Every structure is written in structure tokens, then in C-alpha cells.
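One letter stands for each residue in the lines below.
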Amino acid sequence: MKIFSGIRPTGELHIGNYLGAIKQWIELQEKNECIFCIVDLHAVTTPYKSGELQKNILELAVAYLAAGLKPEKCVFFIQSEVKEHAELAWLLGTFTPLGELYRMTQFKEKSKKHPEYINAGLLNYPLLMAADILLYQTEAVPVGLDQQQHVELTREVARRFNKKFGKVFVEPKSLLPNVGEKIMSLQNPKKKMSKTDHPQGCIGLFDTPEEIKKKIMSAVTDTGKQIRYDEKKKPGISNLLTIYSLFSEKTIKEIEKKFEGKGYAEFKKSLANLLIDSLAPFQRKKQEFLSREVYIKEILEQGKRKAQILAQTTMQEVKKKMGLS
Ligand code: ATP
Ligand code: LTN
């Protein structure tokens, strides 16, 4: 199967990114044709510091490697280095009704969060994402729940193009993890964990043991004492149980049983230790890759060359069908 996915270089990866997206990528790379992108053109649609972007891009590449992506098994590259992404996004915009873009949840949420920064790029964001996906004849897109709506829009765009101009694109589907599709913030269990939100709400893949302990111990929980999964009545504890389950590979039931009659503090202590142990290998690998900048740049260069060939082939067909060549 052809797989494509991407992450914005907007800060340190967190366990939501890992459980929602990257964990699936690592499994998928073994038996599929995978392309994983560092989507820098998407990162500039929300407030950012231009002087920090290159550093963030390199850090995301390091994070991809530290989390377990293998350059010999998948392609990874930087979006802005393959010009066809922006070119195709423009063309897709010429036949997409504005109303479809205005109703996207992410556009509404990011507009609310940054009322001073509602730019056309933010509105067109899903078209650039559609271009990312459609350029590579992608069949499946492994993402967290928040991105499912964008993949649906991509399907619609592909369908519309194929009908209007003739078949070029494959209609992709989203691949969500069975559990972990939406990890919630530790500070506000009604909101998703996010790189650019409250840092205390988010466990970074490379957080130190002290940071992990502090964040888990101060995670917002619910009234009551029981360690029991109930998304409506106990969203805080339910989120922690989900995280516990995914990192320990134990079922929620088993964990509830293990902590029967015990308090929140004991459960949290155990979760903090589990996370410290589970994330330690990522931290070790990150240190190793941080000192190998030349190697990482070489991987990104090779990825760019491979991606360019595929993207150019699709673009030629698109232009021919649209009468542009
Ligand atoms: P930002 O704060 O910049 O919007 P983010 O933390 O929301 O960043 P993205 O770069 O938008 O992260 O997402 C990268 C991938 O991680 C996507 O596939 C997204 O669906 C997934 N993802 C992000 N947050 C979560 C979460 N809390 N739970 C599960 N998956 C998530
Ligand atoms: N919008 C996504 C990142 C993204 C992406 C993609 C994901 C950009 N292009 C293509 C999958 C496929 C997000 O997580 N914010």
C-alpha cells in the first residue's frame, strides 16, 4: 500500500503525536511504500519565529529517526523542497468551493486561537495537505483523529478532479489507531494534547524524567477516588488510563484491576515511571542522532530526490488534463 503522512515542525513531538501517528508509521514502514514529510509550508500558517524554523525542521528529522523511522525503509523529506506541493495546492484551489474550506474544524479552531492571524494560507491549509497526499498516489494516510476531516476533504477533491478533468488521483483513506487517536491535554482533558498549547499539558517524547514526573503528578484529575475508565464523568483519569494502556500494552480492565482500592497518587506515580522507562530509548537515540547532522541532511536530500521524481510525474499528468501543457 502507498502511505503518506506529515507533521508540522512547530515544536517538540509529544506522546499524542507518537500514539496518534508515528507509532503507526513505524509499523507500516515494514510492509508498505511509505513517505513521511516534514510539512514546513504548513508550519508558517500559524504564528512562528522565522529564525527558529530551520532548527525545528532538523529537530523533527532527528525525532523521526529517534522514534524509529528507518531511512532505508521509507522516504522522508522537507515539503518546501519539492515545489510541486505548492503548485498542485494552487490548482486544487481553483475548483474547490470556498464553503468547504470555511467549515473545516481546524480552520475554525486555529482562527479562534489566533484572531490576529487569520490568513488565506490557514484557510487553504487543507488544499496543501490534499496536494501532499495526492501527488504520491497515496492510498492510506495514518493520522490522529483531528486530521480525519482533512483526509475526507482530500478524497472529495480527488473525486471532483477525476470527474471534471479525467482520472489522475487515487482517493485516499485515513488510518486511525484503534486506541490513542486523540490523546487529551493533561491540563485540560477536554482539549487535545497539542505541541503549541500549554507545555504542562503535554508530555514531550524527549522530556526528562523530572519533567515527566512533574507533569503527570500535576495532571488534572476528577473528583472521586476510583481509577475507573469513564470518558464522560472522569475524562482526566480516562485519558491517563489510555496512555497507561498504550505504553504498557495492558488492557484498561487489567490496569483498573491493578489499581483497585488504590489512590490517584499511586496510579500517577506508576504511570510516570512507565513513561520514563518507555521514553528512555527515544532520548538515547535522539542524543546519538543530534551529533550526526551531515548524515541527516544526506537522508533528507535523498528523500527530496525520490519525492521529486514521483511528484513531477503526477504534476505532468495534472497539467495535461487541465490544459496547462
Ligand atoms: P500544533 O500544536 O502545531 O497544531 P499538534 O500537536 O496538533 O501541533 P500536528 O503536527 O498537527 O500536532 O500533528 C501531527 C500528527 O499527530 C497528526 O497526525 C495528528 O493527527 C497527530 N496528533 C496530534 N495531536 C494528537 C493527539 N493529541 N492525539 C492523537 N494524535 C495527535
Ligand atoms: N495537517 C497535518 C499535517 C499534514 C499532513 C499532511 C498529515 C500536512 N500534510 C499530509 C498527513 C498527510 C497535521 O497534523 N496538522
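Up top is the structure these notes are about.
The notes below deal with the structure included here. (Residues numbered from 1 in each chain as written. Chains lettered and ligands numbered in written order. Predicted model: local features only at pLDDT ≥ 70, side-chain atom pairs only at ≥ 80, totals over all residues. Heavy atoms only, no water.)

**Concerning the packing of aromatic side chains**
For the coordinates displayed, the defined rule picks out 15 aromatic pairs. Consider the rings of Y244 and F259, whose centres lie 5.7 Å apart with planes at 75°: the pair is edge-to-face. Of this pair, Y244 sits in helix α10 (residues 235-248) while F259 sits in the loop between α11 (252-258) and α12 (264-290), and the two are 15 residues apart along the sequence. Taken individually, Y244 and F259 each receive the classification buried, so the pair is uniform in this respect. Each member of the aromatic cluster is reached from another via a ring pair, and the members are W25, F36, Y64 and F76. Just above the ring of Y295 sits the side chain of R292; from NZ or CZ to the centre is 4.2 Å. (Phe/Tyr/Trp six-rings, centres within 6.5 Å; stacked < 30°, edge-to-face > 60°. Helix = DSSP H or I, 4+ residues; strand = E, 2+ residues; numbered from the N terminus. Buried < 20%, exposed > 50% of the residue type's maximum accessible area, 1.4 Å probe, protein only. Lys NZ or Arg CZ within 6 Å of the ring centre and 35° of its normal.)

**Quick look at the pairing of strand β2 (residues 33-38)**
Where burial is concerned, most of β2 is hidden: 5 out of the 6 residues are buried. Here strand β1 (residues 2-7) pairs with β2 via 6 bridges, running parallel. In the sheet register, G6 faces β2, and the bridge partner there is C37. Between the parallel pair β1 and β2, the chain is carried across by helix α1 (residues 15-28), and the sense of this crossover is right-handed. Judged from the 5 bridges that link them, β2 and strand β3 (residues 74-78) form a sheet pairing that is parallel. The residue of β3 that forms the bridge with I38 is I78. (Pairing = 2+ DSSP bridges. Right-handed = clockwise from strand over helix to strand, strands pointing away.)

Without other data, these values stay purely geometric and don't point to any function.
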